[in-house]
Amino acid sequence: MRTAKITRKTAETDISVELTLDGTGVYDNQTGVGFFDHMLDQLSRHALIDMTVRATGDLHIDDHHTVEDVGIAIGQALTQAMADKKGIVRYGSCLLPMDDALVRAALDLSARPFLVWNVEMPSQKIGTFDTELVREFFQALSTHGGITLHIDMLHGVNSHHIAEAAFKAVARALRDALETDPRKADAVPSTKGAL
Ligand SMILES: [Mn+2]
């Protein structure tokens, strides 16, 4: 079983993340940011990664540090759980519709962090949540998970749908990329021999 546990404490946030990559999408995410919990639940459910997140952050300032630092911790946990990446498919992509929103995610578990973010949120807020924080989360996830991550919005008018479609698209792409390739289960999927 590929699992990881990360704890990360700073002056701004105190976070713990537990992941089981070969899970069934069982989740228990509590960050104090309701909409963000809803998005983390989607990530878990649609990647079939069991995920427990606890975060206590400086929400009296805003949600920024909490969302970014949870992204860092989940990225670190992914890196730890993937370990030597032996046998993984490595690449994944998904074109995901949610009502008006259509979002494409394509990723490479390359150990080369790179985020392409081509998403425009029509509103600044979803409830009390700042929509710009969705990008901050994926930037942190890409950097600390070592993921080349392209997220493109093809269509969308509702920010809740757009954000949720982005999380679900990345989740489905991650699920495929993390799967073991039975034709090459004993090898790292790179001509370099390492990722
Ligand atoms: Mn929703």
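Everything discussed here concerns the structure shown above.
Residues numbered from 1 in each chain as written. Predicted model: local features only at pLDDT ≥ 70, side-chain atom pairs only at ≥ 80, totals over all residues. Heavy atoms only, no water.

## Focus on the overall build of the chain
Link 1 in the chain: Of regular secondary structure, the chain possesses four helices and ten strands.
Link 2 in the chain: Taken along the three principal axes of its C-alpha coordinates, the chain extends 45 × 40 × 25 Å.
Link 3 in the chain: Among the 195 residues that make up the chain, the fraction classed as buried is 52%.
Link 4 in the chain: Pairs at least 24 apart in sequence give 76% of the contacts found in the chain among residues at least 6 apart.
Link 5 in the chain: Between the centroid of the 19 positive side chains of the chain and the centroid of its 27 negative side chains there is a distance of 9 Å. (Helix = DSSP H or I, 4+ residues; strand = E, 2+ residues; numbered from the N terminus. Buried < 20%, exposed > 50% of the residue type's maximum accessible area, 1.4 Å probe, protein only. Contact = heavy atoms within 4.5 Å. Lys, Arg positive; Asp, Glu negative; His and termini not counted. Charge placed at Lys NZ, Arg CZ, Asp CG, Glu CD.)

## Let's talk about the coordination of the manganese ion
Link 1 in the chain: Listed as protein donors to the manganese ion are His38 (NE2), His160 (NE2) and Glu164 (OE); their distances from the metal cover 2.0 to 2.2 Å.
Link 2 in the chain: Here the donor residues of the manganese ion share one chain and are spaced in sequence as H-x121-H-x3-E. Here His38, found in helix α1 (residues 34-47), pairs with Glu164, found in helix α4 (residues 159-178); they are 126 residues apart in sequence, far enough to count as distant.
Link 3 in the chain: Judged by its relative accessible area of 5%, Glu164 is buried. (Donors = N, O, S within 2.8 Å, 3.2 Å for Na, K, Ca; no water.)

## Here's the deal with α4
Link 1 in the chain: For α4, which comprises 20 residues, the first-to-last C-alpha distance of 28 Å matches the rise-based estimate of 28 Å (1.5 Å per residue) to within 8%.
Link 2 in the chain: Within α4, 16 of the 20 residues are buried, which leaves the element mostly enclosed by the surrounding structure.
Link 3 in the chain: For α4, the capping residue at the N-terminal end is Asn158, with a side-chain oxygen 3.0 Å from the backbone nitrogen of His160. (Expected span 1.5 Å × (residues − 1). Polar contact = N/O pair within 3.5 Å; in protein donor to acceptor, adjacent residues only side chain to side chain.)

## Some remarks on the pairing of strand β1 (residues 3-9)
A regular strand places its side chains so that they alternate between the two faces of the sheet.
Link 1 in the chain: As paired strands, β1 and strand β2 (residues 13-20) are joined by seven bridges and run antiparallel to one another. By the bridge assignment, Lys9 is partnered in β2 with Asp14.
Link 2 in the chain: What sits between β1 and β2 in their antiparallel hairpin is a turn of three residues. (Pairing = 2+ DSSP bridges.)

## A closer look at unusual backbone geometry
Link 1 in the chain: Backbone geometry at Ala83 places phi at a positive 50°, although glycine is not the residue there.
Link 2 in the chain: One can find Ala83 in the loop between α2 (64-82) and β5 (91-98).
Link 3 in the chain: Ala83 gets classed as exposed once you look at its relative accessible area, which sits at 54%.
Link 4 in the chain: We note that Lys85 has phi near 65°; this positive angle belongs to a residue other than glycine.
Link 5 in the chain: Along the chain, Lys85 falls in the loop between α2 and β5.
Link 6 in the chain: Residue classification places Lys85 among the buried positions, given a relative accessible area of 6%.

## Quick word on the pattern of salt bridges
Link 1 in the chain: For the coordinates displayed, the defined rule picks out nine salt bridges.
Link 2 in the chain: Residues Asp152 and Arg104 are paired through a salt bridge, measuring 3.6 Å at the closest nitrogen-oxygen approach. Here Asp152 is found in strand β10 (residues 148-155), whereas its partner Arg104 is found in strand β6 (residues 101-108), with 48 residues between them in sequence.
Link 3 in the chain: When its relative accessible area of 39% is taken as the criterion, Arg104 is described as partly exposed.
Link 4 in the chain: Notably, a salt bridge pairs Lys168 with Glu164, separated by 3.3 Å at the nearest N-O pair. Of this pair, Lys168 and Glu164 are both found in helix α4, four residues apart, which corresponds to roughly one turn of the helix. You'll find Lys168 and Glu164 in the same group, each marked buried. (Salt bridge = Lys/Arg side-chain N within 4 Å of Asp/Glu carboxyl O.)

## Observations concerning the sheet that holds strand β7 (residues 114-118)
Link 1 in the chain: The four strands lie next to each other as β5-β6-β10-β7, forming an open sheet whose pairing is mixed. Strands at the two margins of the open sheet, each flanked by one partner only, are β5 and β7. On average, each strand axis in the sheet is inclined to that of its neighbour by 10°, with strand direction left out of account.
Link 2 in the chain: Those strands touched by helix α3 (residues 133-145) are β7 and β10, and its axis lies near 160° from that of β7.
Link 3 in the chain: Each of β5, β6 and β10 touches α4; the most contacted strand, β5, lies at about 150° to it. (Axes fitted to C-alpha atoms, helices over the stretch in contact; angles between N-to-C directions.)

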